[in-house]
Amino acid sequence: MKKFNIKRFQMPIFMGKFMSIAMCFLNTGTIKFPNIFKTIALQIIIACIASIIIPVGPYSFKLTKKIYKDNNLFIFTAISTLLPAIFFTLIMSFSGQIMATGYHKNFWRMYFYGLPRNILMGYIASYIFSIIINIFSKNNK
């Protein structure tokens with residue numbers, strides 16, 4: 001039986017929190033309390049379930065270890081966070097838009113219109129959170 005690794009869920013939790021707030025503000029221009037807390041909770045749950053079904057973070061880490069042989073943390077993180085950032089942004093953008101607007105005639109047009117910006121923001125957030133998680137996990141060992 002595989003050992004349960006809580007660190008695997010740190011990124012979905014951070015991304016669920018950050019992307020909920022950022023996407024809500026970028027897409028609507030406002031953050032409504034207490035609705036944002038429900039959105040954050042649902043996005044964290046969706047991201048954690050997605051990471052259980054497809055563990056893209058560990059796969060990306062293993063793939064990057066095969067491709068990139070240097071020990072530079074910043075470059076390694078830049079490469080290894082690309083796939084998880086795209087994966088989680090696709091899922092959380094979809095679920096966030098469903099929660100915000102429901103499914104309607106222009107749903108897919110709106111989804112794909114904002115997707116490049118969302119992926120860029122998701123990648124930057126994923127990169128920063130990965131660096132922070134790596135630094136703190138090395139300090140706690």
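First, a word on scope: everything that follows refers to the structure included in this document.

1. Describing the nonpolar core
In terms of nonpolar packing, the biggest core is built from 14 residues, with Met-11, Met-15, Met-19, Phe-87, Phe-88, Met-92 and Phe-129 touching the most fellow members. Within the residue set of this core, elements represented by two or more residues are helix H1 (10-28), helix H2 (35-53), helix H5 (82-101) and helix H6 (107-139). Sort the elements by how many residues they give to this core and H1 lands first, with five residues.

2. Here we look at the side chain of Thr-81
Within the element layout of this structure, Thr-81 appears in the loop between helix H4 (73-80) and H5. Excluding residues within four positions of it along the chain, Thr-81 makes contact with Tyr-123, Ser-126, Tyr-127 and Ser-130.

3. Observations regarding the packing of H1 against H2
Orientation of H1 relative to H2, taken along the N-to-C sense of each, is 135 degrees, at an axis distance of 8 Å. It follows that H1 is oblique to H2 by the angle criterion. H1 and H2 meet at a crossing whose hand is right-handed. Of the residues in H2, those touching H1 at Pro-12, Ile-13, Gly-16, Lys-17, Ser-20, Ile-21 and Cys-24 are Ile-36, Thr-39, Ile-40, Gln-43, Ile-44, Ala-47, Cys-48 and Ser-51. In terms of residue class, the contact of H1 with H2 is made up of nine nonpolar, five polar and one charged.

Calculation rules
- Residues numbered from 1 in each chain as written.
- Predicted model: local features only at pLDDT ≥ 70, side-chain atom pairs only at ≥ 80, totals over all residues.
- Heavy atoms only, no water.
- Core = buried A, V, L, I, M, F, W, Y, C linked by side-chain atoms within 4.5 Å.
- Buried < 20%, exposed > 50% of the residue type's maximum accessible area, 1.4 Å probe, protein only.
- Helix = DSSP H or I, 4+ residues; strand = E, 2+ residues; numbered from the N terminus.
- Contact = heavy atoms within 4.5 Å.
- Axes fitted to C-alpha atoms, helices over the stretch in contact; angles between N-to-C directions.
- Parallel < 35°, antiparallel > 145°, perpendicular 65-115°, else oblique.
- Left-handed = near helix turned anticlockwise from the far one by under 90°.
- Nonpolar A, V, L, I, M, F, W, Y, C, P; charged D, E, K, R; others polar.

These figures come from the coordinates and say nothing about function on their own.
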